Amino acid sequence: MTSSPWGSSVHSSVCYRSTGPSQSQRLSLPPHLPSMPGLPNLNFPIPPPPSGNLLASPLPTALFPLPLDPLCPPAVLPPFHNHTNQSSGYSTAGHSRSSSPMVGGGGEQAKGNGSRNGSPSSPSPLQPPFPSPSPNIVFEAPSTEITLLSHFPTVPGQFVVYFHINPGLSVGFNVGGDQLQVIKGPMTVPLVSTNSTPPMPLPMQVPPGHVVQQIVDESGTLRHVIVSHQPPLIPIPQYGPGNQSQPYFGAGPGFPPFGSIQGPCGMNSSQGGPTPPPGGGLMSYVQGSQKDERAQRQFLKLRRKFEQKHQSNHFHQNNGPFRKDGGYNNNGSRRNVANGLSKEEDGSVGSTGSVTSTGTQDEEEETRLQAQQDMLSAILPPTVSEVSCRSAFIKWGVPERWTESGENKYLEVDVSDSDFRYEVFISDRSKDSRFKSIFLGTALSCRVKDLKPATPYAIAYCASVLETKGPLSPPTLFTTLPAEPEAPQSPRAISRNRNSLAFKWTAPPDNGAKLLAYLLEYDDGKGGANFIEAYRGKAKTCTVSKLQPAYSYQFRLAAINEVGQSRFSATTTVMTAGSPPPQPLPPTLSEAGVTFLRLEWKGRPSDEEYSLQMEDPSSGHGYLGAYSGTTPHATCIGLNRATDYKFRLKAYNAEGHSKWSEEVVFRTLPDRPGPPQKPILKGRPLSSSFKLKWDPPQDNGGVGLRGYYLEIDQGEGRWEEVYRGSDREWVVEGLSPGESYALRLRAFGPGGQSDPSEVSVFTTEPVCPAKCHIPRIVGKPKSSSVHLKWSSPDWDGGSPLTSFEVGSTTPDNRTQEAYRGKDTSCFVTGLLPGRAYLFQVRAVNRMGPGPWSDPLEVVSGPGSPDRPIEPTVSTKSSHSVLVSWTEPLNNGSAVSDYRLQMASLQTPDHSDHNHDIQTETESAVEPVFSLVYQGPLTSYELKALQPGNIYLFRLQACNSAGSSEWSGVRTHEMGASSPNTVTGIEASATSSSISLSWAIPASNGSPITNYNLLLGDTLLSSPSNDLLIQNLMPHTQHKIRIQAVNSIGRGSFSPLIKVWTKGLPPMAPKLELVGSAHFWLKLKWVGEKGVEYVLQMVNPCQEDFQVVYRGTQTSAKVSRLSEDTLYQFRISGINAAGQGLFSDLFKFSTLKAPPAQVKGLKVTCGKEGLRFDWATLSTPPLLYHLQVAKKRDQEFRTIYRGEETVFDKFQDLDPGAEYLSRVCAVRRLSEGGELVGPYSFTLPFSTPAPPSENVCLEKAESSSFTSNLSTTAAVLEERLKSISYESKVGLLAVVALVFLAFLISLITHQVVS
């Protein structure tokens, strides 16, 4: 401390306010101070702050967190009038927590005019408007310098503020009332605060010409140094919010204004003053915002430079402008900074200080970072509460930094709770799910939303401070609650009638609760939002009846589970059946391609299905079906490129179909080239290049090619172009050794760019693989084996790995190969228990093996027990035995239990034949053992054994290391007894007999001699296990029981079975002919209920019978017959009793066929009249009838009858009129009579106009193409009218099947390509 040349006596008062849970704070002198001469033990109660004051709320903890209190004004140092002539103006220097600006001002200095005149009695602008209370602490000193020291607590719950008094200085403490205790220097007075939070740097006022300097020394002590100025002060200008070049010093009502204060919960409180600019003044207030990583590194670098500079410079004062410049570190503590300018800035003389080396600073920085990492690792798992179906509340705590005694575990880290930032992660615990971040901030809780119902989740978090981020906490698991189901899809109409609609739907996700029912609603056809319930139940189909015909309804569906009801699905509109649709508009072209045309048309509510036909001019087949479906669009594929196609459309619904739409013509696009051949190597590949060549594509798109593109993929999934040109060879360079490259080729021409060719993969020369990682053990080592697993090396050398080799080193230091194969795991067997082995692994490719991995040492486990000896068996009764055994050697682990297994063998019969068969069977079939006992005892009694059987016993011992081998087999034979009960009886009956068979029961040591069969009250006997009972009444019930007999006695009877004999088969009925034609016969007979009939016909070609009908109907139609042919039939009946006899042969004949329909009718107009000609039929003898009629009345009359197919020079018609013509064939029968065939399609024509109208026949001939088109349309229309509805449906089905087969073949071709 330096003395000032201007001596003065300074009085000062200091005020503190509580920031803890209590409303007052006490500063007391320590108990040892009363021993100091003239220093009493003082205690100062401080009044609580007024209610509603924003500054009274607790603040985030800083180095000294004691904010100002409006009831306690800042420390005031009035002038000492005996030693100074200075005016009564005041200036203040102080600061709040973190970086609040320096508050200066008082009198005219606060206005910045430089005046220092004023009355001593006039109040200061910084004084409160109410009377100031008596000061609590008073400083009296003849010198001009007082030091205030502040330290962290040395005892938990206490903080100490030290007042250092220089020699010749006196300090007075106001004990209460008018008592004043004066302490003279040199002395350091500690003041103890019993609150749990440390005090802040003290705000105080000093007289004019005095300045408070705050200095942090090497030990971390904060010093308040009051220094006086003899020369007049240069006025400190006051800067408002509009001037940001200097700190803003605002005036307040008795205490400095604060811009905004960040509370512990993130709330900002305003004092009403303007917000100071960031970074201005000595007390720049840090808003609590976190710096990014780059700003943190720059901040730490500047802080270290500033501390080094501070240790090497003196802090002093000169006659220049008064300037304050300070800062804080990132945890809120004050950095080492002094008031005034450095030597470089104002030329003042500096003092030499201690300089810390860079290495020491780096070690301290590493220690601090390690302490931060340890502190961030001390976090507990988060807690989860308020779990619902889609949200949960997560809460966590700050890292544990304090011991139970209140000591800080990490003294190297100086942070508060508000300096921590937290990041929360969540995982839904699915198979491939990972943790993802959902929160980042300083709060200690958050609510997670948008979760899946009935889903397990895991929550974890980590803490970070400054640039250090800690590890994840242990996860906390929880499961969300189930919720109502998801909204189902709209119901789908599967059928509709005039008064009902049938729907079907699929089940939606149930969200963890079982679906209970479905709710189907509809709007009753009135529209709007009024829906009524149509169905409620568990089924997924429903039929809604009592609806109006040709009416549109809206339906929606909801699902109900144990939690509640889901949202309704989207409404679907369905119309009941009504009238046939009108003629649709022609289709329009939505997209054209090289081999396809995509058409679309406007759908209407009355349309249910559409039929699209296409005419290919190159085929000459006219219109063919191209599409049939319900969607208003279709794609015609497999078309020729650059070709015109004609289309027309027809609409269908349940009531019928519409007329064809108008014809439209669309054209396909030209094609592009086909894919070229894949590139191939030319020569051998080198380490960094290879040469490629290729052949042109087979399809050049119809025009010549312009060139090729060569693309390469270097394993990144991205194709890059390496060549473009017309040559068909290229050298690819700049490749890496041992790497695989994929190359493909494209051709381009006027029609566009082709598809890529097949990918060719080429590999440069590889090398041996890299070193494998050390193998690891799977599970625990066993006594004689160990399961090893390893991973592939980081690099395979550019060639796929072909195998792995595992080498083992035995305890006697012998090296041998333990495994060679492609798997990455193996079992090494043949080990000795409790021995140490070394294992190494290496990878092998086609270039050779790589280096061995680091060795893995494995110690084998204990062994299983030795094989026990055969157990001892002793008979206790005819149905029980006692099995006992002795304990084998346990090989280091006590035997925990024994396993006893038993197998059974049948006793051989006494007959030599049966004995030979039994011996041969026993020698071929292995006995099947089953476990009968497991436990620690050495004996066990077996009961319920079969007499006369041979039983086999074997034993196994088990310990913690495993199980021993099975012991030898002990054989034991039981005594004989009567046979067991007969089972497995099977009976088959006819109308007069019953055939019985049964399984041979156990003979129990004595062969079975015979079987007794009780049929009602009659006793029968059989030497074998089958019997045929004859001469029984048909359709009669019989009760049967069977018993087996041997030399010991009779066995028990089997359970009673009931067998019915069958009835008689039916008689053959009489056949009658009820209908006939030239290719079918319909037969009928009188049938019986429950009888199936078989109708057979004599095949005229093979002269044998073939079945033409089999069923329960009483009539059958036999088709595909020849005309005028005699056929023979017979019939028989089948019922439960069997098939009856066939009837006698019945003979029926088909009719003669009428002639076919005449085709090719044409009408031509000549000079001599009209000419009619048609195609000749191939079935003579025939006559032709030609008829004409006016189109208006359509009354046909015959104008020609004869055998010729041409009729000309006919002029008996009205000129200029429209007529219809038709022709039919007539077949002459040999026995007399005629068969008239169907008429041809009606052909319209017009007679020539009279000469007065100047009608040119040549003009009619030139328009013959148009007439032919209209004639063809009329012919098709008449033909469709003549076809029945069933034939139309069949024709449509055939067209649809042909189109479906074509589509399937096309898709299969595309998939194969």
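No experiment lies behind these values; they were computed from the predicted model shown.

Conventions adopted
- Residues numbered from 1 in each chain as written.
- Predicted model: local features only at pLDDT ≥ 70, side-chain atom pairs only at ≥ 80, totals over all residues.
- Heavy atoms only, no water.
- Helix = DSSP H or I, 4+ residues; strand = E, 2+ residues; numbered from the N terminus.
- Buried < 20%, exposed > 50% of the residue type's maximum accessible area, 1.4 Å probe, protein only.
- Areas by Shrake-Rupley, 256 points an atom, 1.4 Å probe, with all protein chains shown as cover.
- Core = buried A, V, L, I, M, F, W, Y, C linked by side-chain atoms within 4.5 Å.
- Contact = heavy atoms within 4.5 Å.
- Phe/Tyr/Trp six-rings, centres within 6.5 Å; stacked < 30°, edge-to-face > 60°.
- Lys NZ or Arg CZ within 6 Å of the ring centre and 35° of its normal.
- Pairing = 2+ DSSP bridges.
- Axes fitted to C-alpha atoms, helices over the stretch in contact; angles between N-to-C directions.
- Polar contact = N/O pair within 3.5 Å; in protein donor to acceptor, adjacent residues only side chain to side chain.
- Patch = residues over 30% accessible without salt bridge, like charges linked within 9 Å, V, L, I, M, F, W, Y side chains within 5 Å.
- Salt bridge = Lys/Arg side-chain N within 4 Å of Asp/Glu carboxyl O.

To continue, consider the overall build of the protein chain. Across its full length, the protein chain holds seven helices and 84 strands. Taking all 1313 residues of the protein chain together, 41% fall into the buried category. For the protein chain, the computed accessible surface area is about 70,800 Å², with 52% contributed by carbon and sulfur atoms.

Ranked by internal contacts, the top residues of the largest apolar core, which has 25 residues, are M375, I394, W396, F420, L451 and V465. Looking at this core, the elements that each hand over two or more residues are helix 3 (358-377), strand 16 (392-395), strand 17 (421-427), strand 19 (445-448) and strand 20 (456-465). Of all the elements, strand 20 adds the most residues to this core, at five residues. Contact partners of W396, with chain neighbours within four places excluded, come to P382, Y422, V424, F439, A443, L444, S445, C446 and Y461. Counting residues in hydrophobic clusters, the runner-up holds 21 residues, among them L1161, L1186, V1223 and L1243.

Tallying each qualifying case throughout the model produces 37 aromatic pairs. Summarising the aromatic geometry, the rings of F647 and F666 are spaced 6.0 Å apart at their centres and angled 40° between planes, so their arrangement reads as tilted. In this pair, F647 sits in strand 35 (residues 644-653) while F666 sits in strand 37 (residues 664-667), placing the two residues 19 residues apart along the sequence. Across the pair, F666 and F647 agree in class, each one buried. Here R1130 stacks its cationic end above the ring of F1105, 3.7 Å away from the centre of that ring. Above the ring of F1142, the side-chain terminus of R1130 is found at 4.0 Å from the ring centroid.

Successive residues of a regular strand alternate their side chains across the two faces of the sheet. With burial as the criterion, only one face of strand 22 (residues 476-479) is covered, namely that bearing T476 and F478; the residues L477 and T479 on the opposite face remain uncovered. Looking at chain direction, strand 20 and strand 22 are connected through four bridges and run antiparallel. The residue of strand 22 that forms the bridge with Y457 is F478.

The next point concerns the sheet that holds strand 77 (residues 1162-1165). Spatially, three strands are ordered 77-78-81 in an open sheet, and the strand pairing comes out antiparallel. Whereas interior strands pair on both sides, the edge strands pair on one side only; in this sheet they are strand 77 and strand 81 (1206-1210). Ignoring strand direction, the axes of neighbouring strands in this sheet form an average angle of 15°.

Before going further, it helps to spend a moment on the side chain of S1132. Considering the arrangement of structural elements, one finds S1132 in strand 74 (residues 1126-1135). A polar side-chain atom of S1132 sits 3.0 Å from a polar atom in the side chain of Q1139. Beyond its immediate chain neighbours, meaning those up to four positions away, S1132 contacts A1068, E1092, Y1093, V1094, Q1139, G1140, L1141 and F1142.

Reading across the sheet, the three strands line up as 38-39-42 and stay open at both edges, with antiparallel pairing between neighbours. Both outer strands of the open sheet, strand 38 (680-681) and strand 42 (729-732), are each paired with one neighbouring strand and no more. Bridge count for strand 38 against strand 39 (residues 690-693) is two bridges, and the pairing is antiparallel. Directly across from L681, in strand 39, lies its bridge partner L692.

This part covers a nonpolar patch on the surface. The grouping of L1297, L1300 and I1304 at the surface amounts to a nonpolar patch, some 300 Å² of accessible area in total. Within the secondary structure, I1304 is located in helix 7 (residues 1285-1312).

Phi at E386 takes a positive value of approximately 50°, unusual for a residue other than glycine. Within the secondary structure, E386 is located in the loop between strand 15 (383-385) and strand 16. The backbone of D450 sits at a positive phi, close to 60°, despite the residue not being glycine. Mapped onto the secondary structure, D450 falls in the loop between strand 19 and strand 20.

What follows concerns the side chain of D607. Position of D607 relative to the elements: it lies in the loop between strand 31 (597-600) and strand 32 (609-615). A distance of 3.4 Å separates polar atoms of two side chains, one belonging to D607 and the other to Y610. Other than its neighbours up to four places away in sequence, D607 contacts P581, A651 and Y652.

For the coordinates displayed, the defined rule picks out 37 salt bridges. Among the ionic pairs, R744 bridges to E711, the shortest N-O distance being 2.7 Å. Residue R744 is found in strand 43 (residues 740-749), and its partner E711 is found in strand 40 (residues 707-713); the two are separated by 33 residues along the sequence. Of the two residues, R744 and E711, both sit in the buried class. A salt bridge links D1208 to R1171, with the shortest nitrogen-to-oxygen separation between them at 3.6 Å. Of this pair, D1208 sits in strand 81 while R1171 sits in strand 78 (residues 1170-1173), and the two are 37 residues apart along the sequence. Where salt bridges share partners, they join E805, E817, R820 and R842 into one cluster.

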